[in-house]
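Given next are the chains, with one letter for each unit.
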Amino acid sequence: MKELESIVQMLEEGNVSLEDSLDMYQRGIELTKLCQEKLAAAEDKLAKVVTEADEEEPFQVEEGKK
């Protein structure tokens, strides 16, 4: 996440060559996918939280809340 934030900051500053910008953008896309995969895995783990009745209860994310 820190690397992704660094890439965004450097691209926003605009002091990077076009070639470097394209490379950084591509790396940013790769990092975004990795973060999404890790988030999905964490959500899957949370979905399997056992309730007090020892039954699995699905975890639902409320839309619009982050």
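Everything in this summary refers to the structure shown in the same document.

## Here's the deal with the environment of L34
Stage number 1. Summarising the element assignment, L34 is placed in helix α2 (residues 18-47).
Stage number 2. Spatially, the C-alpha atoms of L34 and M1 are 9.4 Å apart, while their sequence positions differ by 33 residues.

## Quick look at a nonpolar patch on the surface
Stage number 1. There is a patch of nonpolar side chains on the surface, built from L11, Y25 and I29 and spanning about 270 Å² of accessible area.
Stage number 2. Positionally, L11 belongs in helix α1 (residues 2-13).

## Things to note about the pattern of salt bridges
Stage number 1. Within this structure, the stated rule accounts for two salt bridges.
Stage number 2. Across the pair E3 and R27 runs a salt bridge whose closest N-O atoms are separated by 3.0 Å. One end of the pair, E3, is in helix α1; the other, R27, is in helix α2, with 24 residues separating them in the sequence.
Stage number 3. On the basis of relative accessibility, which here comes to 34%, the residue R27 falls in the partly exposed class.
Stage number 4. Its salt-bridge partner being E30, residue R27 comes within 3.5 Å of it at the nearest N-O pair. With R27 and E30 both in helix α2 and three residues apart, this pair spans about one turn of that helix.
Stage number 5. Among the residues examined, E30 registers a relative accessible area of 40% and is labelled partly exposed.
Stage number 6. Residues joined by salt bridges that share partners form a network here, namely E3, R27 and E30.

Reading the values: rules and limits
- Residues numbered from 1 in each chain as written.
- Predicted model: local features only at pLDDT ≥ 70, side-chain atom pairs only at ≥ 80, totals over all residues.
- Heavy atoms only, no water.
- Helix = DSSP H or I, 4+ residues; strand = E, 2+ residues; numbered from the N terminus.
- Patch = residues over 30% accessible without salt bridge, like charges linked within 9 Å, V, L, I, M, F, W, Y side chains within 5 Å.
- Areas by Shrake-Rupley, 256 points an atom, 1.4 Å probe, with all protein chains shown as cover.
- Salt bridge = Lys/Arg side-chain N within 4 Å of Asp/Glu carboxyl O.
- Buried < 20%, exposed > 50% of the residue type's maximum accessible area, 1.4 Å probe, protein only.

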